[in-house]
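A closer look at the structure
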Amino acid sequence: MEILNTTKADDSGEIRFEQVSKTFGDVVAVEPMDLVIPSGCYCCLLGPSGCGKSTLLRMLAGHEFATTGEIKIGGSVVNNLSPQMRGTAMMFQSYGLFPHLTVRQNVAFSEKMQGVPKAERLANAGEMVDRVHLTEFADRYPKELSGGQQQRVALARALITQPKVLLLDEPLSALDEHLRLKMRSELREIHREFGITFVHVTHTQLEALGVADLVVVMDHGRIVQSGMPSELYSRPKNAYVAEFVGGHVLFHGQVTAEEGSNLIVKLPSGEELLVPKNNNYSAQKASDHVSFSVRRDRISLASDESIADKRTVKVKVEMTEYQGIYVKVQGYTLSGSEFAAYINDYDLPERTIKVGEIIPFVWDQTANHLLEPNS
Amino acid sequence: MATLNGRRPWTFYALSLFFVLYVIFIYGPMFIVFLLSFQGQTGGLTFPMQSMSLHWYRELFSNASAGDIPGAIKRSLLLASVVMVVTLVISVLAGLAFRKPFRGSTTIFFITTASLIVPGILVGLGIGQLAFLVGVRAHWLTTGLGAQLTWTLPFGMLIIFAVFGRFDGILEEVASDLGATPWQRFTNVIVPILFPGMIAVALFGFTLSYDEFARSLLTAGADNTLPLEIWALMTNVTTPKLYAIGTLTTVTSLLVIIISMATIFLLLRKRNAGTKSSE
Amino acid sequence: MKIVTSSKSGMSSFLAKQLYGRATIINRLSSYLLIAPLVLVMLMFFGIPLVAIMVVSFMDFDGFSTIREFTWLNYTEFFESSLTWKLYYQTFRTALIVWLICLGIALTVSNFLVFHVKSLMVQIGLLLLCTIPFWTSSIIRMISWLPVLGRNGLINSSLMSVGIIDEPIDDLIYSNLAVVIVYVQSFSLFMIVPIFNSMVRISPDIVEAAKEAGASRWQVLTNIVIPLSKSGIALGTIFIIALVMGDFFIIRVMGGGQSSNVAMAISNQIGSFQYPPAAAASIIFLCVILLLISAMLRVVDVRKEVLS
């Protein structure tokens, strides 16, 4: 599987961070890191508040100086270039539309700064306004537009500068649920149409999984894992990623033996599960403590027949929640760790799960994924 | 606070009545002066009105009239204009300065607002004494100007602060992202958005100066501004000419206010709430 | 702080920093440059003049002119004079009366505007309506009461025509009453605006919650609205104190011979060139006012109140 099938033909929008870090006085916001974002890729920086993703974005934008390291766009070092000179454009979280200018004038702003004559720049702006399907609103003021329309103006205003990279700082965070989903697909569409590199910062994992070609998970100023959404979701590198991306159950236990390419891991409450070895990572000998994860949607209720010969885990149920597509069953294993599974509701027709019950769950052991320790 | 069935409680009517009475209270005398300025030639300072005439207005501008009203008007207008411009410039600069914390900013803020509280007569006395100690003569365009500035600058500064407080700082970063130099940011983003506030500051600067009395009394020097001239004439003049002066100067002030307020209103209506965050 | 650049871009990096203005030295300098005009003006025409007053207050005075010699006499004579205490008493008394009336008016008017007028636009419109007379000359406002309060004025004429009185009331004009009336007319706005500002910020939810808990309109007023308007009241009070105590001409014109206050006494001294005594009286006066104001400031955080 190639990493990305949306790369541009040339490398003009390729972003390279080489040993880039940022310190504010004594506080290290971003530790020295390396990252390559291929040209034309839609990249999401994902992480909780304070993980450094916004700082990274702002360094890329030219609104912060990097303390160390080189930032390269399209092969050239851009550390000391202004945003305009380095070929980036930013869409701000609150959009920052100029309230005293019409939509058309907002979009024409960058050309006005460059001294393009009035008629020409307004015509160019008009074209861009058409491209984002806001023609009827061209002469309205921002206050008259809906949230989604305002975002399109902000996008048009940024894209008219013909940037190599478009930066988006939590563009969907302030929108309500319905609008968020709609704007997500609009962003993908615009990315497809313009073909430039997008770098999108968010703390919402579903959003990142949904839009990105490349997801970069960050924690406390470091990149923890970067890769395609499917990679992160199926093979999270460590417990932090597994928990942040969501949809996994984490188990902790001790290796008791090896069985071919698998490890036998014993949970505190006695169950023994089979976990495939991970060739990247060495501490997989007997008596090592390990963690592994399983996707919640791979877990099923153990029916009576399967209990005998399969490896099952008993769970004390705390809560069930009907979510339409699945029923979320939540509780604690007998070892005391958190547990949740997504069960199809047609697996449950005769039996409803009651809070307080202890029931066994079972799944294909190849779904167990060994996790590296959090560093 | 309507009641459940949609009708207003009796308190609404009582309070409205009070409000109307209050408005009459503060406007009433103005209208009376306005009326009486058209007093007939033989009429006195109070009612009844003998007849309606423009006699006293003509008196005002005739050469025979006591005092130097036209001169005072000219001086007041000129001084008010200068004060307006100086107040505006200094206030905007101060507003820009206060966006980032710097050493001494709190002190300067308190000293400037203290200038609002200190009675004008003391400021006037102080400037007069300083001029005396230093050996400078008081003049309306130097010491008078300075004295009036101590009154207009606090107002101007407070207005600019209020406007900057509502100014979305992100807009400057946006402009910079789109290629604006600091000067371009100032002229294309800050000034246009601040413009209604700037008109308000200019308004305050002009009218506060035009009507200023206490500070000017001791600092205007030999030539009087209009309020000072009126004050001087008040003891001598016992005719409705005083009302004519009063009406003229009030009408001037009102014109300035109404034009400014209308401009501000029109500007603000167009562009209130332009960003997502202010929805 | 090491920034890795290629040697070629050394010059352009310097220019880049200047161009999009983030070199910190220039930033800090610019703050001081920007604030310099304000500082200069306030220093020259406010700060130093006050110092000048203080200097003159220690100078000797021989009844005709100022002698540049140090003396405490001005202060001792000030405190020994019984007139001083009488003047201060009258000044405080007038200020208190005016404050009470203005407070009552302001609370009523603000309450009306904020809680009984529906649309915010109308509220602000009506408030602006109240401010307009403030923009007219204070002298004219004084004069304009003559035809109303005077011997032959409106009030006397109408009262007589209706038959309530037989003789015109002489003491309407050129009296303490006239002074208070003009003060209220001139300064009530300074009480209304801060209180309006405070009331407008009271969330309607709070009022609703109080009513649901069973509070009557009056109880809502006294238990919710007024306590929450405390800072507006304090700010307004500061203004009233400064304005009423600082006035010297309204009281002279409208008060006739009867009334006097501290500021007027000082202006008299200035008028007769008794500068050192006037200076001493001014310094004391200033201290009194500042003391009162700082007491008020405990109730309100001026910077926050004014800047939001």
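Not measured: the values here are computed from a predicted model.

The next thing to look at is the overall build of chain A. Tallying secondary structure elements over chain A gives eleven helices and 20 strands in all. Taking the principal axes of the C-alpha coordinates as reference, chain A spans close to 80 × 45 × 40 Å. Sorting the 375 residues of chain A into buried and exposed places 42% on the buried side. The contacts in chain A between residues at least 6 apart in sequence include a share of 66% that link residues at least 24 apart.

What chain B contains, in helices and strands, is eleven helices and zero strands. At a minimum sequence separation of 6, the contacts of chain B that also span at least 24 residues come to 75%.

The next subject is the confidence of the model for chain B. Residue and element names in this part refer to chain B. Residue-level pLDDT values for chain B average 83, and 89% of them are 70 or greater. When the criterion is pLDDT under 50, residues 273–279 qualifies, and its contacts beyond four places in sequence or with other chains add up to 22 contacts. Scored by ipTM, the complex comes to 0.83, with pTM at 0.79.

Contacts between the two partners involve 73 residues from chain B and, on the opposite side, 77 residues from chain C. Among the residues forming the side of chain B that touches chain C, the class breakdown is 52 nonpolar, 19 polar and two charged.

Here we take up the interface of chain B and chain A. At the interface, 22 residues of chain B touch 25 residues of chain A. Going through the elements one at a time, helix H7 (170–177), helix H8 (182–211) and helix H11 (241–271) of chain B are the ones with two or more residues in the side of chain B that touches chain A.

On to the domain arrangement of chain A, then. Residue and element names in this part refer to chain A. Here chain A is partitioned into domain 1 (15–239) and domain 2 (247–371). Computed over C-alpha atoms only, the centres of domain 1 and domain 2 are separated by 39 Å. Its residues assigned to classes, the side of domain 1 that touches domain 2 shows three nonpolar, one polar and one charged.

If you check H8(B), its first and last C-alpha atoms are just 38 Å apart, much less than what 30 residues at 1.5 Å a residue would give, namely 44 Å. The largest bend along H8(B) reaches roughly 60 degrees and is located at Phe195(B), with the proline Pro196(B) sitting one to four residues downstream.

All names here are of chain A. Of the two faces of strand S6 (residues 88–91), the one carrying Thr88 and Met90 and the one carrying Ala89 and Met91 are both buried. Two strands pair when backbone bridges link them, and S6 and strand S7 (residues 165–169) are joined in this way by four bridges, in the parallel orientation. Considered in S7, the bridge of Ala89 is made with Leu166.

Attention now goes to the sheet that holds strand S20 (residues 369–371) of chain A. Residues and elements named next belong to chain A. An order of S13-S12-S11-S14-S20 is seen for the five strands of this open sheet, with the pairing classed as antiparallel. On the outer flanks of this sheet lie strand S13 (272–276) and S20, each paired with one strand and no other. Within the sheet, the average angular offset between the axes of one strand and its neighbour, ignoring direction, is 50 degrees. Of the strand pairs in this sheet, strand S11 (residues 248–259) and strand S12 (residues 262–266) are connected by five bridges, and their pairing is antiparallel.

What follows is about the environment of Arg121(A). Residues and elements named next belong to chain A. Mapped onto the fold, Arg121 is located in helix H5 (residues 118–131). Measuring from C-alpha to C-alpha, the distance between Arg121 and Arg311 comes to 69 Å, with 190 residues separating the pair along the chain. Not counting residues within four places of it along the chain, the set of residues in contact with Arg121 comprises Ala108, Glu111, Lys112 and Val116.

Rules of the game
- Residues numbered from 1 in each chain as written.
- Chains lettered and ligands numbered in written order.
- Predicted model: local features only at pLDDT ≥ 70, side-chain atom pairs only at ≥ 80, totals over all residues.
- Helix = DSSP H or I, 4+ residues; strand = E, 2+ residues; numbered from the N terminus.
- Buried ≥ 20, exposed ≤ 12 C-beta atoms within 10 Å, placed from the backbone.
- Contact = placed C-beta atoms within 7 Å.
- pLDDT = per-residue confidence, 0-100.
- Nonpolar A, V, L, I, M, F, W, Y, C, P; charged D, E, K, R; others polar.
- Domains from an automatic or database assignment.
- Expected span 1.5 Å × (residues − 1).
- Bend = angle between axes of the 7 residues up to and from the residue.
- Pairing = 2+ DSSP bridges.
- Axes fitted to C-alpha atoms, helices over the stretch in contact; angles between N-to-C directions.

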